[in-house]
Structure formats: structure tokens, C-alpha cells
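Okay, here's what each chain looks like letter by letter:
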Amino acid sequence: MSATEIFIIVIQFLLSLSLLIILHEAGHFIPARFFGIRVEKFFLFFDVKFALFKKKIGDTVYGVGWLPLGGYVKISGMIDESMDTEQLKQPAQPWEFRSKPAWQRLIIMLGGVFVNFVLAWIIYVGMSFAYGEKYLAAEDIGDAMAVTEFMTEKTGLRSGDMVLSVDGESFDTFSEMAENIFFAEKVEVLRNGTKITLDLPSDFMGQLVEENRRPIGLRNPMVVGEVAEDSPNAGKELQPNDIIIGLDGNSMKYFDQVSAYLDANKGETMTATVLRDGKEKDITVYTTIEGKLGVVLSGLSQVDLEKLGYLKLSKKEYGLVESFGAGTDRFFDRFASFGKQLKALVTPSTGAYKGLGSFISIAKIFPTTWNWEAFWNITAFLSIMLGVLNLLPIPALDGGHAMFLLYEMILGKKPSDKFLEYAQMVGFLLLITLFVFAFGNDIYRNFMK
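Here we summarise the structure given alongside this text. (Residues numbered from 1 in each chain as written. Predicted model: local features only at pLDDT ≥ 70, side-chain atom pairs only at ≥ 80, totals over all residues. Heavy atoms only, no water.)

1. Some points on helix α1 (residues 3–34)
Counted at 1.5 Å a residue, the expected span for α1 with its 32 residues is 46 Å, and the 46 Å between its end C-alpha atoms agrees. Of all the bends found along α1, the most pronounced is centred on Ala-26 and spans about 25 degrees. Taken from the residues just after α1, Gly-36 is the one with a positive phi, measuring 80 degrees. (Helix = DSSP H or I, 4+ residues; strand = E, 2+ residues; numbered from the N terminus. Expected span 1.5 Å × (residues − 1). Bend = angle between axes of the 7 residues up to and from the residue.)

In C-alpha cells:
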């Protein structure tokens with residue numbers, strides 16, 4: 001990956017993260033101010049020891065910290081991650097969080113999560129209107145599904161299989177089908193005209209972490225990106241952007257078919273049929289004793305594959321009114337998808353916890369070229385993820401604060417400040433432990449394997 005590609009990924013990640021943090025914290029800030037509570041700080045990123053920028057406006061200091069692990073608002077009279085308990089030793093003031101009714105405090109605590117969900121919904125509605133929905137229908141996949149050798153070894157799935165159902169359920173799109181396989185117990189496929197039912201191992205998610213690359217995708221043709229200088233084809237007929245569609249008179253649609261033929265005929269000179277500038281051309285190619293052509297390969301997008309006749313993509317266009325329904329459906333689909341991922345993550349038998357990642361994993365989701373559609377799609381999903389995770393009943397998270405407030409509203413008795421202080425410390429230590437574990441996973445997967 002080039003320095004330019006890394007830079008584009010980092011910029012997209014920081015822009016998305018900043019947008020999510022600012023709006024999440026605004027979800028706390030706005031109701032707090034509405035209920036007459038003083039907000040002492042509003043920060044993007046953490047200002048440990050010092051801030052990159054800060055300015056006081058009214059009672060609030062607005063700023064940007066240097067540690068991009070989140071953000072925060074410091075609300076007067078509240079035990080939060082700042083662990084500033086000195087103020088709590090003084091009598092409660094009318095402009096403090098602790099002096100307000102429990103229902104107001106609950107609204108403030110859930111405000112950030114509410115904004116996350118609304119933001120994701122708005123993005124999906126906007127994307128439906130602006131871009132429509134272009135997708136590969138499950139019924140149009142044919143033999144175009146590709147799986148890694150690891151996937152074949154662990155599940156029995158093979159490249160070219162046509163998936164008929166996942167746990168008895170069929171799916172409209174290829175992406176939905178591929179995603180749900182990871183959580184499945186049984187997959188029914190059509191292979192060479194025969195229906196086959198495959199049983200997936202219960203700890204498949206955990207085993208999948210070891211693969212560290214996408215196990216299901218689309219079969220591509222063999223596209224020459226570059227002919228290496230030490231290639232037996234250097235300076236000869238094979239050229240960059242050639243698409244090999246046949247060898248020695250044998251038609252070959254996909255890369256894996258070409259690769260298998262080369263492997264069976266190592267060191268041979270062959271006649272290759274290539275697609276060059278939209279026209280077929282027969283050329284002579286040379287292989288190494290390892291059965292290679294000595295080329296760097298290039299991948300194709302779904303749109304490019306469609307242009308070449310490998311895929312048939314479907315597209316739905318939505319008017320302004322229709323986009324609200326389409327965006328809502330998309331929001332709930334992604335919400336349910338993350339729910340499945342979270343369920344697998346907290347179920348030890350699946351081994352999915354091995355795939356827990358930090359900001360490194362999140363950043364790698366973004367493409368290496370700037371694409372607004374991809375940016376908004378990823379940002380919407382991250383907003384759902386941030387909202388759901390903040391709802392977890394862990395002290396130090398919004399869900400933990402909400403849990404204690406519900407306890408107070410139901411029983412009519414507020415937990416002591418000392419108890420809340422200790423609970424905050426325990427929750428904070430738990431979150432730090434999870435972060436260290438996730439960060440360690442990323443370091444191991446990306447730099448040590």
C-alpha cells in the first residue's frame with residue numbers, strides 16, 4: 001500500500017470519527033443546556049495534559065485534544081470519565097446535573113446514542129435518494145462466487161458454488177448472503193447441478209480470524225496489471241491490462257481456471273487468448289518452472305465486471321418520498337447485522353472475540369481512493385456501532401449511567417456518589433482492558449503474522 005493510499009485512508013477515518021464524536025457529544029450537550037445545566041467542556045478527542053486548541057465561550061471551554069480515541073463533554077455535578085469529585089463535596093447547585101430530576105438526566109445520558117441512530121438513518125435516507133441502490137442479486141450470481149482455500153477447508157464451500165439458502169433462509173443480494181454465512185450453521189449450495197448441504201463449525205468465526213482476509217468474494221478474470229522485469233514475458237507480447245480468457249484453445253472465464261491450467265503445464269510455452277481494448281487476440285506466453293507468468297495481477301470492481309459481461313447488477317432508483325422507506329429498511333438491516341456480530345462476539349464458543357479490533361481495524365474498512373458513497377456508507381454503519389456499544393450497561397458508558405438512573409427511577413433511591421465513583425472506575429478499567437486486547441489483536445494480525 002502506497003503512502004498516498006494510507007494518507008487517504010487516515011483522512012477519511014479522522015473525518016468520519018470527528019463527525020461521529022462531535023454529533024454524539026452534541027447529543028449530550030444540547031439537552032443539558034436545555035435543562036439549564038452548566039457544561040464546562042466540549043472536546044473533540046482527549047486533551048490529556050494539553051489541548052491542540054481551546055477557547056472559552058460563555059461557561060463552556062470548546063477544544064480539540066491530541067489523543068484521537070474519542071471525545072467528551074464535562075457536565076457540572078456529574079461523575080464521569082474525568083473523575084473530578086471535588087465539586088461533589090460541595091452542596092448541589094441548581095445548574096448541576098445531580099440537582100435535576102432523574103428523567104431529565106436520563107434524556108441527557110441517552111442523547112448521544114439517539115443522535116447516533118438518527119444520523120445513521122439520515123445518511124441512509126440521503127444515500128437512497130442520491131445514489132439509489134446498485135447491487136448484485138443473489139439469483140444473478142451464478143458461478144461467480146469465490147472463496148479462499150481456507151474457507152473451503154473449514155466449511156466445504158467452493159468457488160463456483162451457488163448458495164441457495166443460509167440456515168434455511170434465502171437472501172435478495174450477494175452481500176447479505178455472504179455476510180450471513182459467517183454466522184450460519186448450515187448452508188445449502190448448488191454444485192454442478194446437485195444440491196448439497198454443508199455444516200459449518202460452531203467456532204467458525206474464531207477460525208476465520210486466522211485468515212485475516214476476506215474469505216468470500218467474486219471470481220475475477222486474470223487481469224494483467226504489470227509485467228515484471230524478470231518475467232519470461234518481459235518485452236514480449238503480453239501487455240498490462242490484458243485479460244486472459246483462454247489458453248491453448250481452452251476457454252477460461254476466471255482467474256482460478258487460468259491458474260490451475262498454468263500449474264498443470266509448468267515451464268510450457270502457450271497460446272493465450274487475451275481481451276485487449278475490447279477485442280480478442282491470440283498471443284504467445286511463457287511460463288516459469290513454477291507455473292507462473294511473472295505478472296502482477298489487477299482486480300476489477302463490480303461495475304467493471306458488469307461492463308465485461310461477468311455480472312449483471314441490479315439498480316433501484318428512489319424518489320424523495322420513497323428514499324425515506326428505503327433508508328429506514330437499510331438502517332434496520334444494518335442494525336440487525338451489527339446485532340448478529342455483537343452476539344457472536346460475546347459468545348465464547350464462536351471464537352469471534354479473536355477478531356475484536358481497535359481503530360486500526362476500523363480505519364482499514366475505508367477504501368484507498370476517495371469515494372463519497374463509500375465514506376457515507378461506512379460512517380452510517382460506524383454511527384450505529386457507536387450507538388449500540390454506548391448502550392451497553394457498562395459503567396463509564398452511556399448505558400451504564402442510564403442503568404443507574406433507571407434503578408433510581410424504579411426504586412426511588414439514588415445510588416451513593418461513592419458507589420457511582422467506584423463503578424465508574426471499574427467500568428473505565430474494563431474499557432481500557434478491552435481496548436488493549438483489541439489493539440493487541442490488531443498489532444498481531446497486521447504486523448507480526
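2. Looking at the nonpolar core
Within the largest apolar cluster, 33 residues are counted, with the highest numbers of intra-cluster contacts made by Met-145, Leu-157, Phe-174, Met-177 and Ile-181. Among the elements of the structure, β4 (145–147), α3 (149–155), β5 (162–166), α4 (174–181), β6 (186–191), α5 (204–211), β8 (216–218) and β10 (243–247) are those that each provide at least two residues to this core. Per-element tally for this core: the top contributor is α4, with 4 residues. Ignoring any residue separated from it by four or fewer positions in sequence, one finds Ile-181 in contact with Met-151, Leu-157, Val-163, Val-166, Val-187, Leu-200, Phe-204 and Ile-216. (Core = buried A, V, L, I, M, F, W, Y, C linked by side-chain atoms within 4.5 Å. Buried < 20%, exposed > 50% of the residue type's maximum accessible area, 1.4 Å probe, protein only. Contact = heavy atoms within 4.5 Å.)

3. Side note on the side chain of Thr-155
Inspection of the secondary structure puts Thr-155 in helix α3. Take Thr-155: its relative accessible area is 5%, and that puts it in the buried class. In this structure the side chain of Thr-155 is engaged in a polar contact, spanning 2.6 Å, whose partner is the backbone oxygen of Met-151. Apart from residues no more than four positions distant in its own chain, Thr-155 is found in contact with Leu-198, Asp-199, Leu-200 and Phe-204. (Polar contact = N/O pair within 3.5 Å; in protein donor to acceptor, adjacent residues only side chain to side chain.)

4. Some words on the pairing of strand β9 (residues 222–227)
Both β9 and β10 contribute to a ladder of 2 bridges, which runs antiparallel. Counterpart to Met-222 in the pairing with β10 is Ile-244. Pairing geometry for β9 and strand β14 (residues 295–298), over 4 bridges, is antiparallel. Paired with Val-223 across the two strands is Ser-298, which belongs to β14. (Pairing = 2+ DSSP bridges.)

5. So, the pattern of salt bridges
Two side chains of opposite charge can pair, provided their charged atoms sit close to one another. A complete count under the given rule lists 15 salt bridges for this structure. The residue Asp-161 makes a salt bridge to Arg-191 at a minimum N-O spacing of 2.8 Å. Of the two residues, Asp-161 sits in the loop between α3 and β5 while Arg-191 sits in strand β6, which places them 30 residues apart along the sequence. A residue is classified by how much of its surface remains accessible, and Arg-191, at 13% relative accessible area, is buried. A salt bridge links Lys-315 to Glu-317; the nearest nitrogen and oxygen atoms lie 3.3 Å apart. Salt bridges linked by common partners bring Asp-143, Arg-219 and Asp-256 together as one network. (Salt bridge = Lys/Arg side-chain N within 4 Å of Asp/Glu carboxyl O.)

6. Remarks on unusual backbone geometry
Positive phi values are uncommon outside glycine, yet Asn-241 reaches one of about 75 degrees. Mapping Asn-241 onto the fold places it in the loop between β9 and β10. Despite not being glycine, Asp-248 shows a phi value in the positive range, around 50 degrees.

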